[in-house]
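For reference, the chains in residue letters:
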Amino acid sequence: MSLRVLVVEDDREIRTLVQSALALEGFEVQTAVTLSEAVALLQNSPPDVIVLDLGLPDGEGLQLVRELRRNSSVPVVVVSARHQETQKIELLDAGADDYLTKPFSVAELLARIRVALRHRGTALAAAVTVHALDDLHIDLSTRTVMRAGQPVHLTPTEFKLLAHLVRSVGRVVTHRQLLADVWGPEYTEHTHYLRLYMAQLRAKIERDPAEPRHLLTETGVGYRLAAD
Ligand code: CA
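Counting of residues starts from 1 at the beginning of each chain's written sequence and follows it residue by residue. With the structure being a predicted model, the display of local features is reserved for residues of pLDDT at least 70 and the display and counting of side-chain atom pairs for 80 or more, all residues being used for whole-chain, interface and lining totals. Excluding hydrogens and water, the side-chain values take into account all heavy atoms of the structure.

Quick look at the environment of Tyr197 now. The way it works is that DSSP assigns letters per residue, a run of H or I at least four long becomes a helix, a run of E at least two long becomes a strand, and they are numbered from the N terminus. Relative to the elements of secondary structure, Tyr197 occurs in helix H8 (residues 191-205). When the C-alpha atoms of Tyr197 and Asp11 are compared, they prove to be 40 Å apart, with 186 residues separating the residues in sequence. Contacts between residues were defined by any pair of non-hydrogen atoms, one from each residue, lying within 4.5 Å. Leaving out residues up to four positions away in the same chain, Tyr197 has contacts with Thr155, Thr157, Glu158, Leu161 and Trp183.

Here it is in structure tokens:
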């Protein structure tokens, strides 16, 4: 059975492009132009994944995510315009899985959808504990990090930070989510902690910390551990 995707987008050109690209990939595609149309479709036939535009004629995508997260864990990939940066962070904190900024390529969208689906799938089955890419190997269960075959020594805080990114591999994690998880909910504004610890982590696990291959910066939003 093919996976069902709901595309909520009021821009006809983008909607048509995304619809045909996803159909080509074997998805069963439903589209909605407004929030209310999306809500009606969600009630009738819940999709496996949602591609959601931020600004819609009858409201903001954020409303839908908040509503949805009360009783659903369906993956949501948000599509936003560049000027909607702050809303984007709110959306991720409200439970959206990832985002893309317009204009985006169909290949990028498909990659984000796959990661979001995989993540929800593994969250239900077993959490990701091993991450290997290039010369980096991380095993959360044994708390070991190897780079080019050599053990890397991390402080407990560095390890906690890296572990959160491994569990969300391929997905963006907001500053707020990282700060709350690693330092505690009262530290969500202390983004300087993140900058400091991320620099330390990069110095330890990146071949060239100035050109990170693994720990990617999502400007103004957060960080992403590269999946491939
Ligand atoms: Ca729009």
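Two strands pair if DSSP finds at least two bridges between them. If you trace the 4 strands from one edge of the open sheet to the other, you get E8-E9-E10-E11, paired in antiparallel fashion. The sheet is open, and its two borders are formed by strand E8 (130-133) and strand E11 (150-151), each paired with just one other strand. Of the pairings in the sheet, the one linking strand E10 (residues 144-147) to E11 comprises 2 bridges and is antiparallel in character. Residue Met146 lies in a different strand from E11, and its bridge partner there is Pro151.

Between N-to-C directions, angles cover 0 to 180 degrees, with each direction set by a line fitted to C-alpha atoms, over the stretch in contact for helices. Where helix H7 (residues 175-182) meets H8, the closest approach of the two axes is 10 Å, and the angle between their N-to-C directions is 85°. What the angle tells us is that H7 and H8 run roughly perpendicular. Contact with H7, carried on its side by His175, Leu178 and Leu179, involves Thr191, Tyr193 and Leu194 of H8 and no other residues of that element. Three classes are used, and their members are as follows: Ala, Val, Leu, Ile, Met, Phe, Trp, Tyr, Cys and Pro are nonpolar, Asp, Glu, Lys and Arg are charged, and the others, Gly among them, are polar. Of the residues assigned to the contact of H7 with H8, the class counts are 4 nonpolar, 2 polar and no charged. The labels follow the angle: roughly parallel below 35 degrees, roughly antiparallel above 145, roughly perpendicular from 65 to 115, and oblique for the rest.

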